[in-house]
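# Survey of secondary and tertiary structure
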Amino acid sequence: MTFSIGLTINHQHHAITLDDPRVTLLDLVRERLHLTGTKKGCDRGQCGACTMLVDGRRINSCLALALSHDGAEVMTIEGVANGAELHPVQQAFIAHDGFQCGFCTPGQIMSAIGLIGEAQAGDDRERVREG
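Below is a short write-up of the structure. For clarity, every value in this text was computed on a predicted model and none was experimentally measured. (Residues numbered from 1 in each chain as written. Predicted model: local features only at pLDDT ≥ 70, side-chain atom pairs only at ≥ 80, totals over all residues. Heavy atoms only, no water.)

As a further point, take the overall build of the protein chain. Counting its secondary structure elements, the protein chain contains four helices and five strands. Mapped from its N terminus to its C terminus, the protein chain presents α and β elements in the order β-β-α-β-β-β-α-α-α. Dimensions along the principal axes, computed over C-alpha positions, put the protein chain at roughly 50 × 30 × 30 Å. Split into buried and exposed, the 131 residues of the protein chain put 40% on the buried side. By sequence separation, contacts in the protein chain at least 24 residues apart represent 50% of the contacts at least 6 residues apart. As displayed, the protein chain has an accessible area near 7,600 Å², and 49% of this comes from carbon and sulfur atoms. Positive and negative side-chain charges in the protein chain, numbering 11 and 16 respectively, have mean positions lying 4 Å apart. (Helix = DSSP H or I, 4+ residues; strand = E, 2+ residues; numbered from the N terminus. Buried < 20%, exposed > 50% of the residue type's maximum accessible area, 1.4 Å probe, protein only. Contact = heavy atoms within 4.5 Å. Areas by Shrake-Rupley, 256 points an atom, 1.4 Å probe, with all protein chains shown as cover. Lys, Arg positive; Asp, Glu negative; His and termini not counted. Charge placed at Lys NZ, Arg CZ, Asp CG, Glu CD.)

The following block contains the structure:
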């Protein structure tokens, strides 16, 4: 059995056929679409290296089934810059030496971007804090 989904990833629509409903969003993005900026860390949702934005909200993509996000807008670290112009959060990481080992930095940047967006959208402060 196959499943067809549509995702907009980094402003580009993708029609995708899945052979297995258990494919995670992380594996789909990394292995099928070859967007490897998002890292696979603990594969348990604890480290945050796999953080992506789905419809503007932070998620641990290693725990998210791709099938359950049919029609969603997904942003990965590859999609946050505007051409050669880095996102302000990326610039801030550089300016304030915020880089870690490099493996978890993309997830931290995505989490920070998501946090700011959720707070600006007026989300409940407690929910934003708990993220």
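Even without being a glycine, His11 presents a positive backbone phi close to 70°. Relative to the elements of secondary structure, His11 occurs in the loop between β1 (3-9) and β2 (12-18). We classify His11 as exposed; its relative accessible area is 63%. A positive phi angle, near 50°, is found at Asp97, a position not held by glycine. Along the chain, Asp97 falls in the loop between α2 (88-95) and α3 (105-120). When its relative accessible area of 64% is taken as the criterion, Asp97 is described as exposed.

What follows is about the nonpolar core. With 19 residues, the main nonpolar core has Ile5, Leu7, Leu25, Leu28 and Val74 as its most contacted residues. Secondary-structure elements contributing two or more residues to this core are β1, β2, α1 (25-32) and β3 (51-54). When sequence neighbours within four positions are dropped, the list of residues in contact with Ile5 reads His14, Ala15, Ile16, Leu18, Leu28, Ala66, Leu67 and Asp70. Met75, Ile77, Val89 and Ile109 belong to the second largest nonpolar core, which has nine residues in total. (Core = buried A, V, L, I, M, F, W, Y, C linked by side-chain atoms within 4.5 Å.)

So, about the packing of α2 against α3. Viewed as axis vectors pointing N to C, α2 and α3 meet at an angle of 125°, and their least axial separation amounts to 9 Å. Here α2 is positioned oblique relative to α3, judged by the angle of their axes. Handedness of the α2/α3 crossing: right-handed. Packed against α2, whose contacting residues are Val89, Gln90 and Phe93, the element α3 presents Thr105, Gln108, Ile109, Ala112, Ile113 and Ile116 at the interface. Classifying every residue of the contact of α2 with α3 gives six nonpolar, three polar and no charged. (Axes fitted to C-alpha atoms, helices over the stretch in contact; angles between N-to-C directions. Parallel < 35°, antiparallel > 145°, perpendicular 65-115°, else oblique. Left-handed = near helix turned anticlockwise from the far one by under 90°. Nonpolar A, V, L, I, M, F, W, Y, C, P; charged D, E, K, R; others polar.)

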